Amino acid sequence: MADWHALTTDYADTSRVKENSIDVLLDWLAAGLDPERCTMFIQSHVPQHAELHLLFSMITPLGWLERVPTYKEQRENITEKDLSTYGFLGYPVLQAADILIYKGDFVPVGEDQVPHVELTREIARRFNGFYKRNGGEVFPEPQPLLTPTPKLPGTDGRKMSKSYGNTIMLTDPEPVVRQKLKTMVTDPARVRRTDRGNPDVCPVRDLHQIFSDRSTMAKVNEGCRSAGIGCIECKGWAADALVNILNPMQERRKKYEDNPRLAWDILEAGSTKASKVAGATMNEVRDAMGIALEYEAPNAPQAAK
Ligand code: SF4
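Residues numbered from 1 in each chain as written. Predicted model: local features only at pLDDT ≥ 70, side-chain atom pairs only at ≥ 80, totals over all residues. Heavy atoms only, no water.

Enquirer: Describe the pattern of salt bridges, and please don't skip the residues or the numbers.
Expert: Side-chain pairs of opposite charge can arise whenever the charged atoms involved come near each other. Under the definition given, this model contains 21 salt bridges. Put simply, Arg-253 and Asp-27 hold a salt bridge, and the shortest N to O gap is 3.1 Å. With a gap of 226 residues between them, Arg-253 in helix 12 (residues 231-258) and Asp-27 in helix 2 (residues 17-31) connect regions that are remote in the sequence. Close ionic contact of Lys-103 with Glu-284 constitutes a salt bridge, the shortest N to O distance being 2.6 Å. Pair noted here: Lys-103 is in the loop between helix 7 (91-100) and strand 1 (106-108) and Glu-284 is in helix 13 (residues 260-289), with a separation of 181 residues, a long-range link. Through salt bridges that share partners, Asp-23, Asp-27, Arg-253 and Glu-257 make up one connected network. (Salt bridge = Lys/Arg side-chain N within 4 Å of Asp/Glu carboxyl O. Helix = DSSP H or I, 4+ residues; strand = E, 2+ residues; numbered from the N terminus.)

As structure tokens, this is what we get:
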């Protein structure tokens, strides 16, 4: 749970940062991530991330960060907060530290995050170019790992993001999910029920593609193009599919909500495991950069000839 990343936009009001981190953990557990197989922890509980971020900040050219598409996009879209801070600009550097400290080969991301993984590769390459350890490279160059549906639209058609207030939450009760779907944007050219639509440009169809079965997808594609179905009906099917997926998740989540200590124990075990790996990587990094913590005898002075 990347709580330091949350600070890049929420630095002025930190009252919900910890609570939000726990919420994310509960969502992951609810979605079925198994703590026996997945190491889950809060970023700030493994402070080595901050040290690697600092060292990467030394070698990352400003131009690389200013070119990142999400930097420009979020500065344009989030106008109610002052994002002219180093922390916000340096967001992808911290991400690079998060990935590379575990020497990740693949990073499961959404489409909008692919440039961040590319930047991570560039930072790894630059570091490896400057510093060698025993003649070898310290970091691998990670690749993005996309799902077949790499972009999840929000109710306003933009990418789904809490910052945009367009999310359907995993914890939303059925009536809220249905209400949010009702107000979701559709193909803007389909104004009247009798207008033929184009599902390829409709964010509701994107939700169907992720959550609905094939027969519903076929009904949506055909019915939309022929004006055989209305958007209200189509959105109702999307809501059905979402509710079917969310109900069992919400039941699983309740187990941890009723016993929060259980979730905290998972976090503590995760931090211990992650810290070991992060600590070992940082030893290699410091060693490669010539700033290892261990004592080294100074070079003996050259004898005068
Ligand atoms: S029928 Fe469905 S896919 Fe077509 S425009 Fe309406 S909501 Fe979108």
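More follows now that the structure is in view.
Enquirer: For the site of the ligand, give the residues involved together with the corresponding values.
Expert: In the vicinity of the ligand, the contacting residues are Thr-186, Asp-187, Arg-190, Cys-202, Val-204, Val-220, Cys-224, Cys-231 and Cys-234. More than half of the atoms of the ligand fall within 2 Å of the grid points belonging to the largest cavity. Among the secondary structure elements, those contributing two or more residues to the shell around the ligand are helix 11 (214-226) and helix 12. (Near = heavy atom within 4 Å. 1 Å grid on protein atoms, 1.4 Å probe; cavity = no way out; pocket = protein on both sides within 12 Å on 5 of 7 lines; lining within 4 Å. Sits in = over half its atoms within 2 Å of the grid points.)

Enquirer: Tell me about the environment of Thr-183, and name the residues and values.
Expert: Within the secondary structure layout, Thr-183 lies in the loop between helix 9 (174-182) and helix 10 (203-211). Residues Thr-183 and Lys-235 lie 52 residues apart in sequence; the distance between their C-alpha atoms is 9.2 Å. When near neighbours in sequence (up to four residues on either side) are disregarded, Thr-183 contacts Thr-155 and Lys-235. (Contact = heavy atoms within 4.5 Å.)

Enquirer: Let's hear about the environment of Asp-82: which residues, and what values?
Expert: Summarising the element assignment, Asp-82 is placed in the loop between helix 5 (69-77) and helix 6 (86-89). Along the primary structure Asp-82 and Gly-270 are separated by 188 residues, whereas in three dimensions their C-alpha atoms are 34 Å apart. Reaching out from Asp-82, the side chain makes a polar contact with the side chain of Ser-84 at a distance of 2.5 Å. (Polar contact = N/O pair within 3.5 Å; in protein donor to acceptor, adjacent residues only side chain to side chain.)

Enquirer: Please give an account of unusual backbone geometry that cites residues and values.
Expert: Even without being glycine, Lys-103 reaches a positive phi, approximately 50°. At Asn-134, a position not held by glycine, the phi torsion is positive, near 50°. With respect to the helices and strands, Asn-134 occurs in the loop between helix 8 (114-130) and strand 2 (143-145).

Enquirer: Go over the environment of Thr-9 with me, naming the residues and quoting the values.
Expert: By the element assignment, Thr-9 lies in helix 1 (residues 3-10). Between the C-alpha atom of Thr-9 and that of Leu-119, which follows or precedes it by 110 residues, the distance is 20 Å. Leaving out residues up to four positions away in the same chain, Thr-9 has contacts with Lys-81, Leu-83 and Phe-88.

Enquirer: Describe the nonpolar core, naming the residues involved and giving the relevant values.
Expert: The biggest cluster of nonpolar side chains holds 32 residues, and the ones touching the most others in it are Leu-52, Phe-56, Ile-123, Phe-127, Phe-139 and Val-285. For this core, the elements supplying multiple residues, two or more each, are helix 3 (48-59), helix 4 (62-66), helix 6, helix 7, helix 8 and helix 13. When residues in this core are grouped by element, the largest group, five residues, is from helix 13. Once residues lying within four places of it in the same chain are set aside, the contact partners of Val-285 are Leu-52, Leu-55, Phe-127, Val-138 and Phe-139. Among the nonpolar cores identified, the runner-up in size contains 18 residues, and Leu-181, Met-184, Val-220 and Leu-242 belong to it. (Core = buried A, V, L, I, M, F, W, Y, C linked by side-chain atoms within 4.5 Å. Buried < 20%, exposed > 50% of the residue type's maximum accessible area, 1.4 Å probe, protein only.)

Enquirer: Lay out empty space enclosed by the protein in plain terms, naming residues and giving numbers.
Expert: Evaluated as defined, the whole model comprises one cavity of 30 Å³ or more. Counted as a void, the largest cavity has a volume near 80 Å³. Taken together, 13 residues form the lining of the largest cavity, with Thr-186, Cys-202, Cys-224, Cys-231 and Cys-234 sitting closest to its centre. At the level of secondary structure, the elements contributing two or more residues to the lining of the largest cavity comprise helix 10, helix 11 and helix 12. Per-element accounting of the lining of the largest cavity gives the leading share, three residues, to helix 12. Across the lining of the largest cavity, the residue classes tally to six nonpolar, three polar and four charged. (Points joined across faces, edges and corners; volume = space filled by probe spheres on them. Nonpolar A, V, L, I, M, F, W, Y, C, P; charged D, E, K, R; others polar.)

Enquirer: Now, about the side chain of His-49: what can you tell me, with residues and values included?
Expert: When you line up the elements, His-49 lands in helix 3. On the basis of relative accessible area, His-49 is assigned to the buried category, the value being 3%. Reaching out from His-49, the side chain makes a polar contact with the side chain of Tyr-102 at a distance of 2.8 Å. Setting aside anything within four residues of it in sequence, one finds His-49 in contact with Trp-4, Phe-41, Gln-43, Leu-94, Ala-97, Asp-98, Ile-101 and Tyr-102.

Enquirer: Describe the packing of aromatic side chains, with residues and values.
Expert: How two aromatic rings sit relative to each other is given by the distance of their centres and the angle of their planes. For the structure on display, the rule yields seven aromatic pairs. Between Phe-41 and Tyr-102, the ring centres sit 5.9 Å apart and the planes meet at 65°, which makes this aromatic pair edge-to-face. Within this pair, whereas Phe-41 is found in the loop between helix 2 and helix 3, its partner Tyr-102 is found in the loop between helix 7 and strand 1, the two being separated by 61 residues in sequence. Phe-41 sits in the buried class, given a relative accessible area of 14%. The interplanar angle of 70° and the centroid separation of 5.1 Å between the aromatic rings of Phe-127 and Phe-139 together place this pair among those described as edge-to-face. Of this pair, Phe-127 sits in helix 8 while Phe-139 sits in the loop between helix 8 and strand 2, and the two are 12 residues apart along the sequence. Considered together, Phe-127 and Phe-139 belong to a single accessibility category, that of buried residues. Taken together, Phe-56, Phe-127, Phe-130, Tyr-131 and Phe-139 form an aromatic cluster joined through their ring pairs. Sitting over the ring of Tyr-164, Arg-158 keeps its end group 4.2 Å from the ring centre. (Phe/Tyr/Trp six-rings, centres within 6.5 Å; stacked < 30°, edge-to-face > 60°. Lys NZ or Arg CZ within 6 Å of the ring centre and 35° of its normal.)

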